[in-house]
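# Observations on the model geometry
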Amino acid sequence: VVSAPQNGNFDQHTVQVCARVPKRGQLSDVLRGAAGLTGLPAEELVAADVASGYVNRLLDSTAAMSTLSDDVRPTVFHVPAPLAAVPTPIPTPPPPSSEAEEGREPIPSERAQVDGLRQNGETVMVYFVQRRLQKVERYFLNPYAPELFGTPILLRLPLTCSGLELYTSVFGCVKHVVP
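The sections below set out a description of the structure shown in this document. Source: prediction; values computed, not measured. (Residues numbered from 1 in each chain as written. Predicted model: local features only at pLDDT ≥ 70, side-chain atom pairs only at ≥ 80, totals over all residues. Heavy atoms only, no water.)

### What about the environment of glutamate 122?
Along the chain, glutamate 122 falls in the loop between helix H3 (110-120) and strand E4 (123-128). Sequence-wise, glutamate 122 and threonine 160 are 38 residues apart; in three dimensions their C-alpha atoms are separated by 8.5 Å. (Helix = DSSP H or I, 4+ residues; strand = E, 2+ residues; numbered from the N terminus.)

In structure tokens:
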């Protein structure tokens with residue numbers, strides 16, 4: 001189970017658990033088993049197919065274990081719901097400048113649309129990979145090549161979030177890696 005480090009416990013963000021599930025079982029059985037072993041809420045656990053440092057796909061929790069190929073080892077991520085988003089100010093359109101514009105129908109403000117989406121609680125799952133630049137001996141133009149390291153990061157974010165909210169959420173997950 002991969003979880004974001006909390007309360008300064010940087011070495012405790014990954015826990016390896018083993019759960020035996022019958023082949024006729026579902027992936028939700030694995031999630032419930034992992035939740036019971038770790039003490040995390042089952043609703044906040046998500047299974048993904050991870051290979052070579054990338055999240056290939058998110059696995060459906062209602063899928064039967066028999067539908068997964070034998071080489072898939074589901075990785076369970078702890079992805080808590082996003083905190084209540086602080087509304088970001090959206091500029092209002094300027095008042096009409098000419099008499100021709102005064103007669104047109106008012107357009108619903110973008111602010112009301114964004115607030116409506118946030119109240120519905122719609123979220124998206126975003127995943128990130130961790131890369132570093134490694135110096136290579138043989139190069140053509142650039143002596144540094146990107147190299148993947150660590151485990152991918154999954155975040156659940158509001159459907160509409162500001163850049164500040166996005167970067168704050170990501171920094172909360174990688175602050176133990178970034179100097």
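Here the narrative resumes, following the displayed structure.
### Topic: the sheet that holds strand E3 (residues 74-78)
Whether parallel or antiparallel, the strands of a sheet pair through hydrogen bonds between backbone atoms. Read from one edge of the open sheet, 3 strands run E2-E1-E3, paired in antiparallel fashion. Two strands close off the open sheet at either side, each with one partner strand: strand E2 (54-58) and E3. Neighbour-to-neighbour, the strand axes of this sheet turn through a mean angle of 50°, independent of strand direction. Examined bridge by bridge, strand E1 (residues 45-51) and E2 share 4 bridges and lie antiparallel to one another. (Pairing = 2+ DSSP bridges. Axes fitted to C-alpha atoms, helices over the stretch in contact; angles between N-to-C directions.)

### Side note on helix H4 (residues 163-174)
Along its 12 residues, H4 runs 16 Å from first to last C-alpha, staying within 8% of the 16 Å computed at 1.5 Å per residue. Among all positions of H4, only Glu165, Val170, Cys173 and Val174 are buried. Taken around the axis of H4, the buried residues stretch over an arc of 155°, which confines them to a single face. Set apart from the buried face of H4 by more than 90 degrees, the exposed residues are Leu164, Tyr167 and Thr168. (Expected span 1.5 Å × (residues − 1). Buried < 20%, exposed > 50% of the residue type's maximum accessible area, 1.4 Å probe, protein only. Arc of directions from axis to C-beta.)

### Brief notes about unusual backbone geometry
Non-glycine residue serine 52 carries a positive phi angle of around 55°. Residue serine 52 is classed as exposed on the basis of its relative accessible area, which comes to 68%.

### Some remarks on the environment of arginine 131
Residue position: arginine 131 is located in strand E5 (residues 131-135). The sequence separation of arginine 131 and proline 146 amounts to 15 residues, and the corresponding C-alpha distance is 6.1 Å. Residues within four places of arginine 131 in sequence aside, it is in contact with Tyr54, Pro146, Glu147, Leu148 and Phe149. Of the polar contacts made by the side chain of arginine 131, one reaches the side chain of tyrosine 54; its length is 3.4 Å. (Contact = heavy atoms within 4.5 Å. Polar contact = N/O pair within 3.5 Å; in protein donor to acceptor, adjacent residues only side chain to side chain.)

### Section: the pattern of salt bridges
Evaluated as defined, the whole model comprises 3 salt bridges. Here aspartate 29 makes a salt bridge to arginine 32, at a shortest N to O gap of 2.4 Å. With aspartate 29 and arginine 32 both in helix H1 (residues 27-38) and 3 residues apart, the pair spans about one turn of that helix. Linking glutamate 147 and arginine 132 is a salt bridge whose minimum nitrogen-to-oxygen distance equals 2.9 Å. Of this pair, glutamate 147 sits in strand E6 (residues 144-148) while arginine 132 sits in strand E5, placing them 15 residues apart in sequence. (Salt bridge = Lys/Arg side-chain N within 4 Å of Asp/Glu carboxyl O.)

### Topic: a nonpolar patch on the surface
Judged by side-chain polarity, Val15, Val17 and Leu37 come together as a nonpolar surface patch covering roughly 240 Å² of accessible area. Position of leucine 37 among the secondary structure elements: in helix H1. (Patch = residues over 30% accessible without salt bridge, like charges linked within 9 Å, V, L, I, M, F, W, Y side chains within 5 Å. Areas by Shrake-Rupley, 256 points an atom, 1.4 Å probe, with all protein chains shown as cover.)

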